[in-house]
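Structure at a glance
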Amino acid sequence: PIEMKTVTQSTTDDEAMDRVRHYLSGERVIQVDFESLEFKSLVWNPGYRGQVLHHAAVYGSNYVVFVCANSFKIHYVLMVFFSNEIIEKYVTATAIMHERRLEWYSEPVSTYDGELDLHHAIDGHTLQLWKRMAEELNVFLANNRQVNPAHDLRPY
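Residues numbered from 1 in each chain as written. Predicted model: local features only at pLDDT ≥ 70, side-chain atom pairs only at ≥ 80, totals over all residues. Heavy atoms only, no water.

Another point: the side chain of Lys5. The topology assignment puts Lys5 in strand β1 (residues 2–6). A polar atom in the side chain of Lys5 sits 2.8 Å from the side chain of Glu3. Not counting residues within four places of it along the chain, the set of residues in contact with Lys5 comprises Trp44, Tyr48, Gln51, Phe66, Val67, Cys68 and Ala69. (Helix = DSSP H or I, 4+ residues; strand = E, 2+ residues; numbered from the N terminus. Polar contact = N/O pair within 3.5 Å; in protein donor to acceptor, adjacent residues only side chain to side chain. Contact = heavy atoms within 4.5 Å.)

Atomic detail in the predicted coordinates should be set aside for any region of low pLDDT. Residue-level pLDDT values for the protein chain average 76, and 67% of them are 70 or greater. With pLDDT under 50 throughout, residues 117–121 is counted as low confidence; its partners more than four residues away or in other chains account for six contacts. Overall, residues 148–156 carries pLDDT values under 50, and its contacts beyond four positions in sequence, including any with other chains, amount to eight contacts. (pLDDT = per-residue confidence, 0-100.)

Compared with the 20 Å implied by 1.5 Å per residue over 14 residues, the 20 Å span of helix α3 (residues 46–59) between its first and last C-alpha is a close match. Of all the residues in α3, the buried ones are Arg49, Val52, Leu53, His55, Ala56 and Ala57. Buried residues along α3 sit in contact with β1, α2 (37–42), β3 (63–69), β4 (74–81) and α4 (84–101). Phi for Gly60, located one or two positions after α3, is positive at around 60 degrees. (Expected span 1.5 Å × (residues − 1). Buried < 20%, exposed > 50% of the residue type's maximum accessible area, 1.4 Å probe, protein only.)

Structure, rendered in structure tokens:
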């Protein structure tokens with residue numbers, strides 16, 4: 001699996017180059033351990049670290065490639081190593097969270113059987129938004145109101 005992060009602002013680009021100078025000693029491709037300080041520093045955003053861990057767990061892979069680049073060049077590439085123990089802990093924690101907090105999501109939310117192409121990643125906020133929209137729509141329909149067709153409804 002691969003996770004690519006594109007830095008788009010000059011300040012973020014400068015920060016990426018600072019990380020290269022401080023942690024990579026002139027190298028652009030290195031291997032890091034998920035539990036290391038280098039990983040936490042080079043994958044600077046906790047959300048990005050979670051995405052990388054999620055990739056490892058979903059694909060059952062001990063390695064994930066993390067790429068930090070701007071529009072013109074690759075700043076650095078990390079080969080992130082995950083122990084089997086870390087992956088198992090994440091999968092167990094995810095299963096517990098599903099049992100305790102997401103049991104409502106065990107069945108399909110929609111009967112839509114076509115290909116859903118949203119052109120963006122679905123995060124927790126979007127999922128909660130869709131859930132609230134579905135609940136409100138159910139209340140609306142229960143009051144015998146008609147809903148006009150929407151062929152390309154987006155949740156924003």
